[in-house]
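A look at the structure
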Amino acid sequence: MAPQTPDNEWIRQKLDTLTDYADKLYNIHPGATNEIGPWAALKLFHLIVTVDLYTRIIHKTNGIDRKLYFDVLAGSGIVELEDLEVNIYGSPIIAAVFPEYPFDELHFFEGKEERATALSQRLDYIADETPLDIDRDACFVHQGDANQTVPETVEDIIQESGYSGTNQLTFADNERMEISWETMIALSRIWGDYLINFQHKGISRELGYLESGDASEQRIETAHRKLHRFVGGQQYRDCSSVDELRDLYKQQLATIGEEYDKPNNNRPINKQIRVTGAGDRYSYDLIYATRETDSGSPYIQFMDNMRDRIERMSGDNVSDVIDIMQGNATGLDEFIPDASEVKRDEDQSSLGDF
Ligand SMILES: C[S@@+](CC[C@H](N)C(=O)[O-])C[C@H]1O[C@@H](n2cnc3c(N)ncnc32)[C@H](O)[C@@H]1O
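The sections below set out a description of the structure shown in this document.

Reading the values: the criteria
Residues numbered from 1 in each chain as written. Predicted model: local features only at pLDDT ≥ 70, side-chain atom pairs only at ≥ 80, totals over all residues. Helix = DSSP H or I, 4+ residues; strand = E, 2+ residues; numbered from the N terminus. Buried ≥ 20, exposed ≤ 12 C-beta atoms within 10 Å, placed from the backbone. Contact = placed C-beta atoms within 7 Å. Near = placed C-beta within 6 Å. Nonpolar A, V, L, I, M, F, W, Y, C, P; charged D, E, K, R; others polar. Pairing = 2+ DSSP bridges. Axes fitted to C-alpha atoms, helices over the stretch in contact; angles between N-to-C directions.

All right, on to the overall build of the protein chain then. If you tally the helices and strands in the protein chain, you get twelve helices and ten strands. Each of the 354 residues in the protein chain was classed as buried or not, and the buried ones make up 45%. If you take every contact in the protein chain between residues at least 6 apart in sequence, the share linking residues at least 24 apart comes to 77%.

Written out as structure tokens, the structure is:
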């Protein structure tokens, strides 16, 4: 069996079509967008590749009849790239449009009412007015604090379907440390993988308050509370850098939810790709977390390959990626490893023992 790699031609076609409608999607609600630095476009490019690959792998995995996508910090569906006057589509639209074998349900969680409304209207537009074939009835926009609405939604799904036969891919696009550890545990009750944006700036600021000695008592207390809530325990007190906290977060993922409902909801395999913007002004790790299967993880092997490419990138490459996101996709093949570069065993065609 051929190794799993994304289908570049498929991605290219979708990018072309989406780009034709980018302005119309923006104009549906011009005030409701998310603004990001150009380097953040890389996470969205990586998400395109992830959802394409993930859904094709899960499609081949026997016994899964409810395939879910959770976008726990969903935004409005359109992001503006700072300083470039360029709009591209956000993570919810990517997850709805790109999979060749779509998710059965997509759950989008957004706190701001205006953004949630804009996202719903943009999804309506894509379904009704474009040739992009999305199932609007499979898309659910949950407005409210994700740390409340995500655990409630997971509970409802488990009540309806039990534990077997469901699978989820979660994208947690933190800007700081928004998604609490309790919410991550709730998500772990449904077997599947996480893609987590681990942003450095906000975390390093909170660690700084603990180290500096000149922050107010109240601010130090807030920093303790935020870090505790984010990593789910007191162990952050032993961390003095973002890298140490990231390693702790990964250790937590490795044993997540072991005492919660089901014994097997840990994610012992987790890897990260580091994205560093010009002058270190902007940096984040994209952590991918999954569970071991008998034959390894097809996705992780691919991720290793993507990591090498993304971590080598300079500023020029980022503009190439932004061009690709805007439909000028001639460079796509350079960024996505092809089958000959992704080594895997013959029998790694499914997600295995979920
Ligand atoms: C980084 S942006 C998301 C961008 C989005 N993933 C995309 O690619 O277009 C984070 C979003 O999470 C929302 N948010 C922040 N805290 C939240 C919370 N506790 N519950 C729900 N949404 C929240 C913000 O309003 C913002 O729209």
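Another aspect to go through is the site of the ligand. Taken together, the neighbourhood of the ligand is formed by 19 residues, with Leu73, Gly75, Gly90, Gly111 and Ala146 sitting nearest. Among the elements of the structure, strand E5 (105-110) and helix H5 (146-161) are those that each provide at least two residues to the shell around the ligand. Here the residues of the shell around the ligand sort into six nonpolar, six polar and seven charged.

Here we take up the sheet that holds strand E8 (residues 192-199). In spatial order, the strands read E6-E5-E2-E7-E8-E10-E9; together these seven strands make up an open sheet with mixed pairing. Edge positions in the open sheet fall to strand E6 (139-143) and strand E9 (269-276), since each of these has one partner strand only. Averaged over all adjacent pairs, the angle separating strand axes in this sheet is 15°, with direction ignored. Bridge count between E9 and strand E10 (residues 283-290): eight bridges; the pairing is antiparallel.

Here we come to the pairing of strand E7 (residues 166-173). The buried count for E7 comes to eight of eight residues, which makes it a mostly enclosed element. The two faces of E7 match: Thr166, Gln168, Thr170 and Ala172 on one face and Asn167, Leu169, Phe171 and Asp173 on the other face are all buried. The sheet contact formed by strand E2 (residues 66-71) and E7 spans six bridges and is parallel. By the bridge assignment for E7, arginine 66 is matched with threonine 166. By the bridge criterion, six bridges tie E7 to E8 in an arrangement that is parallel.

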